[in-house]
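# Coordinate inspection notes
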Amino acid sequence: MVGFGPGSKGDMTLRAASAVEGADLVVGYTAYIDILKEYFPDKTYKATGMMREVERCRAAIEEAEKGQTVAMVSSGDSGIYGMAGIIYQLADEMGSDIEIETVPGVTAASSAASILGAPLMHDTAIISLSDLMTPIDLIMRRIDRAAEGDMVIALYNPRSKKRTGHLPQAVEAIGRHRPPGTPVGIVRNAGRKDESKRLTDLGSIDYDEVDMFSIVIVGNSQTYISNGRMITPRGYEI
């Protein structure tokens, strides 16, 4: 399982690049395969669309059982909302004795944070707003607890064309514990060609600017914005 980072080859670790280069077959979601083809045009690829994750992972295991070295790729880190967990679960279910290695990558929160400045310098919660795998009530309860605990909150999958209400609901939950002026950073397509960022606050988020390619980072009670950078103090005496 290979996490290849946010998208650009510059953000891909040497270990991840080596794993892809050394694979007989590279398997992944169609959009991710399209990214990798630009950097590794001579590899053999197998791509499947969204919502076919289990099928994709099962196929990767079956190819590995035939003796091939397979790179199952995920953007970001393969163990953070990626394919690593599914591969391990399926391998156990299938009774497979293949050798499995997890190659870490730069996850979206750290990639977006580097673009914004240094918003993740203190305790951070990463929470996905996608309710395909987790009930929305549980998601909102987690957000409420993270906000109550004064944690910086990085929101993955914040908004889609069909799922427009979860982000305002999350902001409302956070707003029970944070003032409207709390700094918020929005990064779209982190590490990719059309990367963009916006600094705003909890009371002024333009929800139409946010989509599935965005990461939303909400600061804690100490986070501030200075010279176009979002900064969360760690607590050092300066």
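Above this text sits the structure in question.
Anyway, here's the lowdown on the structure attached to this text. All of these numbers come straight from a predicted model, not from anything done at the bench. (Residues numbered from 1 in each chain as written. Predicted model: local features only at pLDDT ≥ 70, side-chain atom pairs only at ≥ 80, totals over all residues. Heavy atoms only, no water.)

If you trace the backbone, Arg 163 turns up in the loop between β7 (152–156) and α7 (166–175). In this structure, Arg 163 is buried with no salt-bridge partner, the nearest side chain bearing the opposite charge being Asp 131 at 4.4 Å. A polar contact of 2.9 Å, which involves the side chain of Arg 163, links it to the backbone oxygen of Asn 157. In this structure Arg 163 touches Leu 129, Ser 130, Asp 131, Asn 157, Pro 158 and Met 212, once residues within four positions along its chain are discounted. (Helix = DSSP H or I, 4+ residues; strand = E, 2+ residues; numbered from the N terminus. Buried < 20%, exposed > 50% of the residue type's maximum accessible area, 1.4 Å probe, protein only. Lys, Arg positive; Asp, Glu negative; His and termini not counted. Salt bridge = Lys/Arg side-chain N within 4 Å of Asp/Glu carboxyl O. Polar contact = N/O pair within 3.5 Å; in protein donor to acceptor, adjacent residues only side chain to side chain. Contact = heavy atoms within 4.5 Å.)

Strand order in this open sheet of four strands is β1-β4-β2-β3, and the pairing throughout is parallel. The sheet terminates laterally at β1 (2–3) and β3 (45–48), the two strands that pair on one side only. Where strand β2 (residues 25–29) meets β3, four bridges bridge the pair, whose relative direction is parallel. Each residue of the ladder has a partner; that of Val 27, found in β3, is Lys 46. In the packing of helix α2 (residues 30–39) onto the sheet, the strands contacted are β2, β3 and β4 (70–74), and the crossing angle to β2 comes to about 135°. The strands that helix α3 (residues 53–65) touches are β2, β3 and β4; relative to β4, the one it contacts most, it runs at about 160°. (Pairing = 2+ DSSP bridges. Axes fitted to C-alpha atoms, helices over the stretch in contact; angles between N-to-C directions.)

Once that is clear, we can look at the nonpolar core. Of all hydrophobic cores here, the largest spans 22 residues; its most connected members are Ile 127, Leu 129, Ile 143, Ile 153 and Leu 155. In contact with Leu 129, not counting residues within four places along its chain, are Ile 139, Met 140, Ile 143, Leu 155, Tyr 156, Asn 157, Pro 158, Arg 163, His 166, Leu 167 and Ala 170. Among the nonpolar cores identified, the runner-up in size contains 16 residues, and Val 2, Ile 33, Ile 35 and Tyr 45 belong to it. (Core = buried A, V, L, I, M, F, W, Y, C linked by side-chain atoms within 4.5 Å.)

For β7, a buried count of five out of five residues is recorded, marking the element as mostly surrounded by other parts of the structure. The alternating pattern of β7 places Val 152, Ala 154 and Tyr 156 and Ile 153 and Leu 155 on opposite faces, both of which are buried. Direction of pairing for strand β6 (residues 124–128) relative to β7: parallel, over a ladder of five bridges. Paired with Ala 125 across the two strands is Ile 153, which belongs to β7. With respect to chirality, the unit in which β6 leads through helix α6 (residues 136–148) into the neighbouring parallel β7 is right-handed. Here β7 pairs with strand β10 (residues 214–218) via three bridges, running antiparallel. Counterpart to Ala 154 in the pairing with β10 is Ile 217. (Right-handed = clockwise from strand over helix to strand, strands pointing away.)

Here we take up the pattern of salt bridges. Pairs can form between side chains of opposite charge once their charged atoms are near each other. All told, the structure shown has 12 salt bridges when counted by the stated rule. In this structure, Asp 144 engages Arg 145 in a salt bridge whose closest nitrogen and oxygen atoms are separated by 3.0 Å. Overall, the relative accessible area of 48% leaves Arg 145 in the partly exposed class. Where Glu 209 meets Arg 198, a salt bridge forms, and the shortest distance between an N and an O atom there is 3.1 Å. You can see Glu 209 sitting in the loop between β9 (196–201) and β10 and its partner Arg 198 sitting in strand β9, a full 11 residues away along the chain. For Arg 198, a relative accessible area of 39% corresponds to the partly exposed category. Connected through shared salt-bridge partners, Asp 144, Arg 145 and Arg 176 make up one network.

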